[in-house]
Amino acid sequence: MRLVSSALALAVGIVCAIAILLVGLVSMGSDYGDGFLDSAASLYPGYANDGSFGDVVVGALYGLLGGAICGFLFAALYNKLTRHHKGIDWMVGGVDW
């Protein structure tokens, strides 16, 4: 089974963007998720956890981009490692899924 790299990239990117968007919106009115958003701010240049709506949108866009890159790389690596094998049986001890 091969993974479609573009589909996985889009799916992971959307999940990451939604996560940062939702936590950012909740964090605007409370201190919830500040640790998560501070760690995201340390990864993404130009994004700071300052609590503004514009900053939340920038963080979500960075999450979309970062998640898409990670999803694409994961699918590409998975496809590369399983190219010479039939299915994933070699990875799970011959269990037929």
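Preceding block: the structure.
Residues numbered from 1 in each chain as written. Predicted model: local features only at pLDDT ≥ 70, side-chain atom pairs only at ≥ 80, totals over all residues. Heavy atoms only, no water.

Draft legend 1. Inspection of the packing of aromatic side chains at higher detail. Taken as a whole and assessed by the stated rule, the structure comprises one aromatic pair. A ring pair is formed by Y44 and Y62, whose centres lie 5.1 Å apart and whose planes are at 0°; its orientation type is stacked. Taken together, the residues Y44 in the loop between α2 (34–43) and α3 (53–81) and Y62 in helix α3 connect sequence positions 18 residues apart. (Phe/Tyr/Trp six-rings, centres within 6.5 Å; stacked < 30°, edge-to-face > 60°. Helix = DSSP H or I, 4+ residues; strand = E, 2+ residues; numbered from the N terminus.)

Draft legend 2. Broad picture of the nonpolar core. Counting six residues, the largest nonpolar core consists of I20, V23, L37, A40, Y44 and Y47. Aside from chain neighbours lying at most four places away, what touches I20 is F36, L37, A40, Y44, V56, G59, A60 and G63. (Core = buried A, V, L, I, M, F, W, Y, C linked by side-chain atoms within 4.5 Å. Buried < 20%, exposed > 50% of the residue type's maximum accessible area, 1.4 Å probe, protein only. Contact = heavy atoms within 4.5 Å.)

Draft legend 3. Layout of the packing of helix α1 (residues 5–27) against α2. One can describe the packing of α1 onto α2 by two numbers: an axis separation of 10 Å at closest approach and a directional angle of 125°. With respect to α2, the element α1 is oriented oblique. Our pair here, α1 against α2, has a crossing hand that is left-handed. Seen from α1, the contacting residues are A19, I20, V23, G24 and S27; seen from α2, they are D34, F36, L37 and A40. The class makeup of the residues in the contact of α1 with α2 is six nonpolar, two polar and one charged. (Axes fitted to C-alpha atoms, helices over the stretch in contact; angles between N-to-C directions. Parallel < 35°, antiparallel > 145°, perpendicular 65-115°, else oblique. Left-handed = near helix turned anticlockwise from the far one by under 90°. Nonpolar A, V, L, I, M, F, W, Y, C, P; charged D, E, K, R; others polar.)

Draft legend 4. Focus on α1. Taking 1.5 Å per residue, 23 residues should reach 33 Å; α1 reaches 33 Å between its end C-alpha atoms and fits that length. S5, A9, G13, A17, I20, V23, G24 and S27 are the residues of α1 that are buried. Close packing links the buried residues of α1 with α2 and α3. (Expected span 1.5 Å × (residues − 1).)

Draft legend 5. Structural view of the environment of D55. Mapped onto the elements, D55 comes out in helix α3. Its relative accessible area of 9% is what places D55 among the buried residues. Residues D55 and G24 lie 31 residues apart in sequence; the distance between their C-alpha atoms is 8.5 Å. Not counting residues up to four positions away in its chain, the partners in contact with D55 are Y47, A48, N49 and D50. There is a polar contact of 3.2 Å between the side chain of D55 and the backbone nitrogen of A48. (Polar contact = N/O pair within 3.5 Å; in protein donor to acceptor, adjacent residues only side chain to side chain.)

Draft legend 6. Molecular detail of the side chain of N79. Examined against the element boundaries, N79 turns out to sit in helix α3. Residue N79 is classed as buried on the basis of its relative accessible area, which comes to 6%. Once residues lying within four places of it in the same chain are set aside, the contact partners of N79 are R2, L3 and S5.

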